[in-house]
Amino acid sequence: APTSARPPPCAGTARCHSPGTETSSSGTAGLPAPAIRRPEAPRLGSTAAFPKVRKHALRTLGQAWRTRQSERFAGVNASDINYSAGRYDPSVKTPFDAGFEGVGEVVALGLSASAAFTVGQAVAYVAPGSFAEYTVVPARVAIPVPALKPEYLTLLVSGTTAYISLKELGGLSEGKKVLVTAAAGGTGQFAVQLAKKAKCHVIGTCSSAEKSAFLKSVGCDRPINYNAEHVGAVLRQEYPQGVDVVYESVGGATFDLAVDALATRGRLIVIGFISGYQTPTGLSPVKAATLPAKLLKKSASVQGFFLNHYLPEFRGAMDHLLKMYAGGELVCEVDTGILSAEGRFIGLESVFRAIDYMYMRKNTGKIVIELPPSVNSKL
């Protein structure tokens, strides 16, 4: 990701920032730093921990190994409000760039980056600052993709999290029972499909009949709409011997149900706990006092997975997922907000609305924001 020693900004584009005081610095290669525009966009969502949108300048290309992208799609993740609340890196001071992932086209290159990329090429990347019309990233993290399609963005964080965690920690094999919570969400959709590719029996929790139908369409053997059925009762009645693997992202009471549902030598993989992210602590309470006894009784295990700790495996996972999608072996469901009250998520001003939409459990698949080309760009 771009280091703290970033080149200075130049006026003309928008970027989603955490609130704070902006300052200008001297320019690159003796050029003066242009002024920064500071008008704030109105607050559209109720997610208090998330930063506001500010007009910000485009960062100039100061290193030969960097690429500058015109953003066309940015991904929304549950952890966006964790990052903006300072839970991932408390040393980061406002203002800082928000958003984790994007897909766009290359509009400028450093000298060494031009050996691997061309202007106009479609690329995907994971690096801070994707909620922006333009961004600068190291060439080493830019991944060529065949076209400017939001489906490629779904693979960057959501797809690789499912692929790497299940491969490294899941121990999947034919006939195993796999429970996926929030199964119709951005990463859950991939956990379901990858477990089915491993010939497992897949159970998926979701919040509506429409999501249940989607899960069936991607191979889920037993969708459970928790607004129509009690998840714990279904698991006890239909899977009395328990489930072998749980891909868990909800936390709180759902985590407790998943622990109770584990089979002997079962594995529970924690990839998040979204139910707690909007609380002051970012946590949701679980029955921790009884956890050791429950795990011991079943020789079961609970293990966390954080993508940043598996970066050596990231590129290989991404390449594999891209091949699966190209071969028609993988569905990459995208939710652009077309069914939301105010319509599609277009432009940086829709970031708040998209995040609220996710926390209201409305999305099916990965939420993606479209960023149309800037008509005021001076590039």
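Residues numbered from 1 in each chain as written. Predicted model: local features only at pLDDT ≥ 70, side-chain atom pairs only at ≥ 80, totals over all residues. Heavy atoms only, no water.

## Here we look at the overall build of the protein chain
1) Next: The helix and strand inventory of the protein chain stands at nine helices and 15 strands.
2) Next: Counting all 379 residues of the protein chain, 54% fall into the buried class.
3) Next: The long-range fraction of contacts in the protein chain, counting pairs at least 24 apart against all pairs at least 6 apart in sequence, stands at 71%. (Helix = DSSP H or I, 4+ residues; strand = E, 2+ residues; numbered from the N terminus. Buried < 20%, exposed > 50% of the residue type's maximum accessible area, 1.4 Å probe, protein only. Contact = heavy atoms within 4.5 Å.)

## What about the environment of A182?
1) Next: By the secondary structure assignment, A182 is in the loop between β8 (177-180) and α3 (188-197).
2) Next: By relative accessible area, which is 31% here, A182 ends up partly exposed.
3) Next: Once residues lying within four places of it in the same chain are set aside, the contact partners of A182 are G188, T205, S249 and V250.

## What about the side chain of S165?
1) Next: Relative to the helices and strands, S165 is located in helix α2 (residues 150-170).
2) Next: Ignoring any residue separated from it by four or fewer positions in sequence, one finds S165 in contact with T160, G170, Y247, I269, I271 and F305.

## Things to note about the sheet that holds strand β10 (residues 222-225)
1) Next: Taking strand neighbours across the sheet as the criterion, the six strands line up as β10-β9-β8-β11-β12-β13 in an open arrangement whose pairing is parallel. A strand with exactly one partner marks an edge of an open sheet, and here the two such strands are β10 and β13 (301-304). Direction aside, neighbouring strands of the sheet carry axes that sit 15 degrees apart on average.
2) Next: In the packing of α3 onto the sheet, contacts are made with β8, β9 (201-206) and β11 (243-248), and the angle to β8 comes to roughly 170 degrees. (Pairing = 2+ DSSP bridges. Axes fitted to C-alpha atoms, helices over the stretch in contact; angles between N-to-C directions.)

## Describing the confidence of the model for the protein chain
1) Next: In the predicted model, the protein chain carries a mean pLDDT of 84, and 80% of its residues have values of at least 70.
2) Next: In this model residues 1-13 is a low-confidence stretch, pLDDT under 50, and it forms 51 contacts with partners more than four residues away in sequence or in other chains.
3) Next: Overall, residues 19-63 carries pLDDT values under 50, and its contacts beyond four positions in sequence, including any with other chains, amount to 130 contacts. (pLDDT = per-residue confidence, 0-100.)

## Regarding the nonpolar core
1) Next: Of all hydrophobic cores here, the largest spans 50 residues; its most connected members are L155, V180, V192, L215 and F305.
2) Next: Considering each element in turn, this core owes the most residues, 10 residues, to α2.
3) Next: Sequence-distant contacts of L215, that is, excluding residues within four places in its chain, are made with A183, A184, V192, G204, T205, C206, C220 and P223. (Core = buried A, V, L, I, M, F, W, Y, C linked by side-chain atoms within 4.5 Å.)

## Considerations on the packing of helix α6 (residues 253-261) against helix α7 (residues 291-298)
1) Next: Look at α6 against α7: their axes get within 10 Å of each other, and the N-to-C directions meet at 25 degrees. What the angle tells us is that α6 and α7 run roughly parallel. On α7, the residues touching F255, V259, D260 and A261 of α6 are L291, K294 and K298.
2) Next: Among the residues making up the contact of α6 with α7, the classes are represented as four nonpolar, no polar and three charged. (Parallel < 35°, antiparallel > 145°, perpendicular 65-115°, else oblique. Nonpolar A, V, L, I, M, F, W, Y, C, P; charged D, E, K, R; others polar.)

## Some points on the packing of aromatic side chains
1) Next: For the structure shown, the criterion picks out seven aromatic pairs.
2) Next: An angle of 75 degrees between the planes, with centres 5.5 Å apart, marks the rings of Y83 and F100 as edge-to-face. Pair noted here: Y83 is in helix α1 (residues 80-84) and F100 is in the loop between α1 and β4 (101-109), with a separation of 17 residues, a long-range link. Per residue, the accessibility class of Y83 equals that of F100, and both read buried.
3) Next: Seen from their ring centres, F273 and Y277 are 5.3 Å apart, and the 70 degrees between their planes marks the pair as edge-to-face.
4) Next: For F273, a relative accessible area of 31% corresponds to the partly exposed category.
5) Next: Taken together, the ring pairs connect Y83, F96 and F100 into an aromatic cluster. (Phe/Tyr/Trp six-rings, centres within 6.5 Å; stacked < 30°, edge-to-face > 60°.)

## Topic: the pattern of salt bridges
1) Next: For the coordinates displayed, the defined rule picks out eight salt bridges.
2) Next: The residue E229 makes a salt bridge to R222 at a minimum N-O spacing of 2.9 Å.
3) Next: Overall, the relative accessible area of 30% leaves E229 in the partly exposed class.
4) Next: In this structure, K294 engages D260 in a salt bridge whose closest nitrogen and oxygen atoms are separated by 2.8 Å. (Salt bridge = Lys/Arg side-chain N within 4 Å of Asp/Glu carboxyl O.)

## Notes on α3
1) Next: Buried residues dominate α3, accounting for eight of its 10 residues.
2) Next: Listing the buried residues of α3 in full gives G188, Q189, F190, A191, V192, Q193, L194 and A195.
3) Next: K199, located one to two residues past α3, shows a positive phi value of around 65 degrees.

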